[in-house]
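Here's the letter readout for the chains.
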Amino acid sequence: SDVITVGELAKRMGVKSKDLITELMRQGQMVTINHPLDYETAAILASEFNYEVENVAFDEEHVLTDDAVITDESGSDEGAIPRPPVVTIMGHVDHGKTSLLDAIRATNVTSGEAGGITQHIGAYDVTVNGRKITFLDTPGHEAFTSMRARGAKVTDIVVLVVAADDGVMPQTKEAINHSKAAGVPIIVAINKMDKPDANPDRVKQELTEFEMVPEDWGGDTIFVEVSAKTTANLDSLLEMILLQAEVLELKANPHKRAKGAIVEARLDRGRGPVATVLVEEGTLRIGDPIVSGLHYGRVRTMTNDRGDRLEEAGPSCPVEVTGLSGTPVAGDTFHAVESEKVAKDVATHRQRKIREQELATTSKISLEQLYARL
Ligand code: GDP
Ligand code: MG
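Read on for an overview of the structure. The structure presented is a predicted model; accordingly, all values stated were derived computationally and were not measured.

As a structural note, the neighbourhood of ligand 1 is formed by 15 residues, with Asp94, Lys97, Thr98, Ser99 and Asp194 the closest of them. Contact between ligand 1 and Thr98: an oxygen atom at 2.8 Å from a side-chain N or O atom of the residue. One nitrogen or oxygen atom from the side chain of Asp194 is found 2.6 Å from a nitrogen atom belonging to ligand 1. Protein chains bury 71% of the 580 Å² of accessible surface belonging to ligand 1 in isolation. No other element matches helix α5 (residues 97-108), which puts three residues into the shell around ligand 1. Residue classes in the shell around ligand 1 are distributed as two nonpolar, seven polar and six charged.

Written as structure tokens, this is what we have:
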């Protein structure tokens, strides 16, 4: 049940905390200003001061699992429809994760798009034969593990990069373990095929130890031999990702209030809190009231990694958002809600819960201190 501190109650009633504490003493309760009061006590106390207390229980779950269908102008709602896959690239240090992400982005940005200038926002999407793929380009392991730790399952497919001249290394194994634990399918990209000492068969051999066997050896793991340096075979890698996505039958309903995950967040000197969000379901629009963790606000601007201003972002679309009251935490979820008031209520409720938890531990001590002084 909801509780309120003596100090908070006094403030809301417009009386001095000292007077409330005196009244509580009269009733035989020794309390401090930070003492949490339950609803019953608060109600009795308030009535002594001629107030009536209304206990409005706050049901966060109910507010956030709002299933309202928000249709577009056409008014259509065909339910869940196919959405682009979200891909994380993982692998041992120096095996070419960053190079691969850069090469994929560079070869798939059509010239003329915002002058070709791209910026790092933690995620980007490319279009391959009219179909989109979203890549998370926050440092693979951290993004993946921190998001998983916070309950966000944002990755559909892992591309495991293994350098053809180096083979399976400790972080390769780590990446396999993380992916398997999360139940995310793995596509192996054997990188640095341009190197004279490239040995893809050795990589394949080493990976059989992890039950990852290529199709031409009788298994069902997809292997693609690429070079981030020469861009050789990157198109096949993208095709394989799309093929795997089809098998997974990834779907989401765009005709809902948006919800998703924070990919990255920072405080920008000019623009205030800036967060890259990945929409998992629904469609996020300019002006939408949103809440993430302890912060809320309205979507003021949405920008992609090419610097394009967007009006809306549907499922699997990564965008940089401004308009939040504070900087959210990467890996946290975000929700678009009915109104800014609801967003604020959710954030305030969460802030109060945290404060109450802190008070629950500190008030004991202060109570003892109070008795010690008496
Ligand atoms: P990361 O640590 O996995 O992100 O690896 P990087 O992308 O930073 O690459 C590490 C080094 O390998 C850099 O010097 C890259 O230039 C080099 N590299 C990456 N991909 C290739 C490739 O396909 N061929 C060659 N020859 N070098 C590559
Ligand atoms: Mg890197």
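We now examine unusual backbone geometry. Positive phi, normally seen in glycine, also occurs at Asn129, with a value near 50 degrees. Unlike most non-glycine residues, Lys192 shows phi in positive territory, near 65 degrees.

The sheet built from six strands is open, its strands ordered β5-β6-β4-β7-β8-β9 with mixed pairing. Both outer strands of the open sheet, β5 (123-128) and β9 (222-225), are each paired with one neighbouring strand and no more. The sheet shows a mean angle of 30 degrees between the axes of neighbouring strands, taken without regard to direction. For strand β7 (residues 157-163) and strand β8 (residues 186-191), the ladder comprises six bridges, and the chain directions are parallel. Bridge pairing in β8 places Leu160 opposite Val188. Lying over the sheet, helix α9 (residues 234-248) contacts β4 (86-91), β5, β6 (131-136), β7, β8 and β9, oriented at roughly 100 degrees with respect to β6.

Relative to the helices and strands, Glu206 resides in helix α8 (residues 200-208). Assessed through its relative accessible area of 24%, Glu206 is described here as partly exposed. A C-alpha to C-alpha distance of 7.4 Å links Glu206 and Gly167, two positions 39 residues apart in sequence. In this structure, Glu206 is in contact with Gly167 and Val168, ignoring residues within four places of it in sequence.

What follows covers the packing of helix α2 (residues 17-26) against helix α3 (residues 39-48). Two elements in contact, α2 and α3, have axes whose closest approach is 11 Å; the angle formed by their N-to-C orientations is 110 degrees. With respect to α3, the axis of α2 lies roughly perpendicular. Facing Leu20, Glu23, Leu24 and Arg26 of α2, the residues of α3 in contact are Thr41, Leu45 and Glu48. Residue composition of the contact of α2 with α3, grouped by class: three nonpolar, one polar and three charged.

Thresholds, definitions, all that
- Residues numbered from 1 in each chain as written.
- Chains lettered and ligands numbered in written order.
- Predicted model: local features only at pLDDT ≥ 70, side-chain atom pairs only at ≥ 80, totals over all residues.
- Heavy atoms only, no water.
- Near = heavy atom within 4 Å.
- Polar contact = N/O pair within 3.5 Å; in protein donor to acceptor, adjacent residues only side chain to side chain.
- Areas by Shrake-Rupley, 256 points an atom, 1.4 Å probe, with all protein chains shown as cover.
- Helix = DSSP H or I, 4+ residues; strand = E, 2+ residues; numbered from the N terminus.
- Nonpolar A, V, L, I, M, F, W, Y, C, P; charged D, E, K, R; others polar.
- Pairing = 2+ DSSP bridges.
- Axes fitted to C-alpha atoms, helices over the stretch in contact; angles between N-to-C directions.
- Contact = heavy atoms within 4.5 Å.
- Buried < 20%, exposed > 50% of the residue type's maximum accessible area, 1.4 Å probe, protein only.
- Parallel < 35°, antiparallel > 145°, perpendicular 65-115°, else oblique.

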